[in-house]
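# Architecture and fold: a report
Now for the letters of each chain:
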Amino acid sequence: MAFKKLILSVCIVVFVIFSAIFPVSGAEKPDYVALGDSIAAGFGLDSPSEAYPAILAETLGLKLSNFAQTGLTSEELKEQIAGFSKKEKDIVANAELITISIGGNDLIGEKIRNTVLPEILRSVLLGDYTLSDTMTKIYQTLKDNLMDIISMLRELNPDAVILLQTLYNPYLGGEYTYLGYNIGNGLDYYVQKVNDIYAAAQQESGSFFIIDVAGQMNGVSEYFYPTFDFH
């Protein structure tokens, strides 16, 4: 399956970063915590074992705790971490690897898409990608939340390798329409702005790594559902 091949290639990148910082030795498996949205939760897959955290854990020999939840926004992820039980905090505190998949629902989740899609359509029709105040606030909120999330995780665990995956654009080259107009390619500008936010946050924080999943997935239609969502 093409998607599994992609995940395994990402695993190699993760392994290089992870093993360089924390060489794996001994019989006990290192602890791995997965955080984020439906991408990490495995929405639409036949089994949780097909979600990328499970494949990553199996490939690298890690003990997985997957706290990802379908539909999560960055604000909700921050709230989730703030509300962790003592047991959950201990799991995070003992983790040697933490991965984060977040941002898709901030941009085009069910709660926000009716605000964002008209903006994208306007950009496509006018050729003007100047951000409205609403869109500017969406991106700023995402960055603020991400900085808070990383800070909260570092308070619980100063030493874990933290990896944030980039947001891919599944609509490139497809017939994804809104009010009769194909806006799939037009969405790319807005998706890349999310990745710009990630890069800016990483530069300011300096305490997590970015894994460029988007670079390998963008434009490969077989990786995605033919419906208007991020899966």
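Our structure is the block above this text.
I will try to describe carefully the structure that is included in this document. (Residues numbered from 1 in each chain as written. Predicted model: local features only at pLDDT ≥ 70, side-chain atom pairs only at ≥ 80, totals over all residues. Heavy atoms only, no water.)

One recurring pattern in soluble globular proteins: nonpolar side chains tend to sit buried together. Ranked by size, the top nonpolar core spans 43 residues in total, and within it Leu35, Leu77, Ile98, Ile100, Leu107, Leu153 and Leu187 carry the most contacts. At the level of elements, strand 1 (31–36), helix 4 (74–82), strand 3 (97–101), helix 6 (104–108), helix 7 (113–126), helix 8 (133–156), strand 4 (161–165) and helix 9 (188–205) are the ones that each hand at least two residues to this core. The element best represented in this core is helix 8, accounting for eight residues. The next biggest cluster of nonpolar side chains, apart from the first, holds 18 residues, and it includes Tyr52, Leu163, Tyr168 and Met217. (Core = buried A, V, L, I, M, F, W, Y, C linked by side-chain atoms within 4.5 Å. Buried < 20%, exposed > 50% of the residue type's maximum accessible area, 1.4 Å probe, protein only. Helix = DSSP H or I, 4+ residues; strand = E, 2+ residues; numbered from the N terminus.)

It is worth spelling out the environment of Val191 at this point. Mapped onto the elements, Val191 comes out in helix 9. In sequence terms Val191 and Tyr168 are 23 residues apart; their C-alpha atoms lie 7.1 Å from each other.

There is a patch of nonpolar side chains on the surface, built from Leu125, Leu126, Leu179 and Tyr181 and spanning about 460 Å² of accessible area. Relative to the helices and strands, Tyr181 is located in strand 6 (residues 181–182). (Patch = residues over 30% accessible without salt bridge, like charges linked within 9 Å, V, L, I, M, F, W, Y side chains within 5 Å. Areas by Shrake-Rupley, 256 points an atom, 1.4 Å probe, with all protein chains shown as cover. Salt bridge = Lys/Arg side-chain N within 4 Å of Asp/Glu carboxyl O.)

Positionally, Asp106 belongs in helix 6. Lys78 is the oppositely charged side chain nearest to the buried, salt-bridge-free Asp106, at an N-O distance of 9.8 Å. With sequence-adjacent residues up to four places away left out, Asp106 is seen in contact with Thr73, Ser74, Ile112, Ile138 and Leu142. (Lys, Arg positive; Asp, Glu negative; His and termini not counted. Contact = heavy atoms within 4.5 Å.)

Quick look at the packing of helix 8 against helix 9 now. Two elements in contact, helix 8 and helix 9, have axes whose closest approach is 10 Å; the angle formed by their N-to-C orientations is 35 degrees. Pair helix 8 / helix 9 crosses with right-handed handedness. Residues Met135, Tyr139, Leu142, Lys143, Leu146, Met147 and Ile150 of helix 8 form the contact with helix 9, whose participating residues are Tyr190, Lys193, Val194, Ile197, Tyr198, Ala200, Ala201, Glu204 and Ser205. (Axes fitted to C-alpha atoms, helices over the stretch in contact; angles between N-to-C directions. Left-handed = near helix turned anticlockwise from the far one by under 90°.)

On to the sheet that holds strand 2 (residues 63–66), then. Read across the sheet, five strands follow the order 2-1-3-4-7 without closing on themselves; strand pairing throughout is parallel. Of all strands in the sheet, those with a lone pairing partner are strand 2 and strand 7 (209–211), marking the two edges. Each neighbouring strand pair of the sheet contributes to a mean axis angle of 25 degrees, computed without reference to strand direction. Pairing between strand 4 and strand 7: three bridges, direction parallel. (Pairing = 2+ DSSP bridges.)

Time to look at the pattern of salt bridges. Taken as a whole and judged by the stated rule, the model has six salt bridges. The partner of Lys78 in a salt bridge is Asp148, and the shortest N-O contact between them spans 3.2 Å. Taken together, the positions of Lys78 in helix 4 and Asp148 in helix 8 put the pair 70 residues apart, joining distant regions of the chain. For Asp148, a relative accessible area of 34% puts it in the partly exposed group.

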